[in-house]
Amino acid sequence: MAIVPFSQSKPSRKSAVYEGIFGDVSILDRLDDFRKRIVRSCIAIAIGVIVGFSSVKQVVDFVLQPTRNALPAGSTLIYTQPGEAFSLYIQIALIVGTVLAMPFVMYQLWRLIAPLLPASARRFAIPFAFFTTLGFVAGAAFTHYIAFGYMMVFFASFNTPDLVFLPRLGDVFDLYTKMLLGMGAVFQMPTVVFFLSKAGLVTARFLWRSFRYAFLIIFVAAAVITPSGDMVTQAIFATPMVLLYLLSILVAWIFGKARPKPAAE
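Because the structure is a prediction, the values reported are computed rather than measured.

## Focus: the nonpolar core
Inference 1: Formed by 45 residues in total, the largest nonpolar core has its most connected members in Leu88, Ile92, Phe148 and Met179.
Inference 2: Secondary structure elements with two or more residues in this core: helix H3 (56-70), helix H4 (84-113), helix H5 (125-156), helix H6 (169-186), helix H8 (204-209), helix H9 (211-225) and helix H10 (231-255).

This is the structure we're talking about:
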């Protein structure tokens with residue numbers, strides 16, 4: 001009886017699954033690639049943090065400006081913990097470093113998931129890094145210049161001679177950060193729809209027909225992710241989400257993959 005060498009034996013089902021997912025690259029090589037890209041992203045963020053520390057005072061003034069503009073006369077920001085202000089500087093420097101490194105981090109993320117995508121979709125590495133960064137920056141700008149300022153004006157409107165509005169520094173920045181991350185994620189909607197439509201997974205007609213359900217889901221999602229439970233903040237979150245959904249319909253209509261028409265009988 002002939003002995004079949006181990007190297008020529010039939011691969012196991014588990015190995016076949018890994019080969020189907022990662023191609024000719026072994027799972028250990030894929031994990032090593034994952035580790036390298038995580039390390040590169042962390043190094044890029046660390047460099048961004050160092051750059052952010054060089055002008056952190058100006059960034060702190062910029063971040064707190066909407067709150068200061070909304071404060072009534074005689075009110076000011078306060079901090080009650082010894083290391084609260086220093087912690088704010090550290091967190092802002094970290095955010096600045098992340099924003100500066102985001103194009104590189106998004107590119108590393110794309111290179112990581114590229115082997116899982118069809119060959120025709122791998123050419124979108126630079127558009128993916130650009131549009132995801134642009135969406136986050138647009139969401140951050142909307143938060144800083146519009147949403148957060150109006151929300152602080154609403155909260156400060158309850159200031160009376162007997163009830164003085166003196167917001168704590170840590171609470172204000174925590175709310176600002178949550179809104180910044182939330183809006184940064186929300187503004188990724190057109191980018192996600194762009195890639196889904198290029199892949200033929202969604203169409204403008206499907207999105208338009210689903211608008212009523214999306215409208216309901218948007219307000220439910222806004223109620224869940226809203227940092228505070230008031231209706232004003234919920235509306236501030238929901239309004240751009242509705243507008244971005246309509247923009248996503250336009251994106252899917254322009255860039256969507258045309259589906260073949262049924263053959264005539």
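Past the structure itself, the notes keep going.
## Here we look at the side chain of Ser75
Inference 1: With respect to the helices, strands and loops of the structure, Ser75 is situated in the loop between H3 and H4.
Inference 2: In this structure Ser75 comes out as buried when scored by relative accessible area, which is 14%.
Inference 3: Only 3.0 Å separates the side chain of Ser75 from the backbone oxygen of Phe165, close enough to count as a polar contact.

## Considering the pattern of salt bridges
Inference 1: One pass over the full model with this rule turns up eight salt bridges.
Inference 2: A salt bridge links Asp174 to Lys178; its shortest N-O distance comes to 3.4 Å. Of the two residues, Asp174 and Lys178 both sit in helix H6, four residues apart, roughly one turn of that helix.
Inference 3: Here the salt bridges share partners, and the residues they tie into one network are Asp32, Arg35 and Lys36.

## What about the packing of aromatic side chains?
Inference 1: All chains considered together, the criterion is met by 13 aromatic pairs.
Inference 2: Arranged with centres 6.2 Å apart and planes meeting at 45 degrees, the rings of Phe131 and Phe194 form a pair that is tilted. One end of the pair, Phe131, is in helix H5; the other, Phe194, is in helix H7 (residues 189-198), with 63 residues separating them in the sequence.
Inference 3: Arranged with centres 5.1 Å apart and planes meeting at 90 degrees, the rings of Phe148 and Tyr176 form a pair that is edge-to-face. In this pair, Phe148 sits in helix H5 while Tyr176 sits in helix H6, placing the two residues 28 residues apart along the sequence.
Inference 4: In this structure an aromatic cluster arises from ring pairing among Phe130, Phe131, Phe194, Phe195 and Phe255.

## Notes on the environment of Tyr150
Inference 1: With respect to the helices and strands, the residue Tyr150 is situated in helix H5.
Inference 2: A residue is classified by how much of its surface remains accessible, and Tyr150, at 59% relative accessible area, is exposed.
Inference 3: It is 9.1 Å that separates the C-alpha atoms of Tyr150 and Val232, two residues lying 82 residues apart in sequence.

## A closer look at a nonpolar patch on the surface
Inference 1: A cluster of nonpolar side chains, namely Val39, Ile43, Ile47, Val51 and Leu100, defines an oily patch on the protein surface of about 440 Å² accessible area.
Inference 2: Structurally, Leu100 is set in helix H4.

## Observations concerning the side chain of Ser248
Inference 1: Its place among the elements puts Ser248 in helix H10.
Inference 2: There is a polar contact of 2.8 Å between the side chain of Ser248 and the backbone oxygen of Leu244.
Inference 3: If we skip the residues at most four places from it in the chain, Ser248 touches Met189, Pro190, Val193 and Leu207.

Cut-offs used in this document
Residues numbered from 1 in each chain as written. Predicted model: local features only at pLDDT ≥ 70, side-chain atom pairs only at ≥ 80, totals over all residues. Heavy atoms only, no water. Core = buried A, V, L, I, M, F, W, Y, C linked by side-chain atoms within 4.5 Å. Buried < 20%, exposed > 50% of the residue type's maximum accessible area, 1.4 Å probe, protein only. Helix = DSSP H or I, 4+ residues; strand = E, 2+ residues; numbered from the N terminus. Polar contact = N/O pair within 3.5 Å; in protein donor to acceptor, adjacent residues only side chain to side chain. Salt bridge = Lys/Arg side-chain N within 4 Å of Asp/Glu carboxyl O. Phe/Tyr/Trp six-rings, centres within 6.5 Å; stacked < 30°, edge-to-face > 60°. Patch = residues over 30% accessible without salt bridge, like charges linked within 9 Å, V, L, I, M, F, W, Y side chains within 5 Å. Areas by Shrake-Rupley, 256 points an atom, 1.4 Å probe, with all protein chains shown as cover. Contact = heavy atoms within 4.5 Å.

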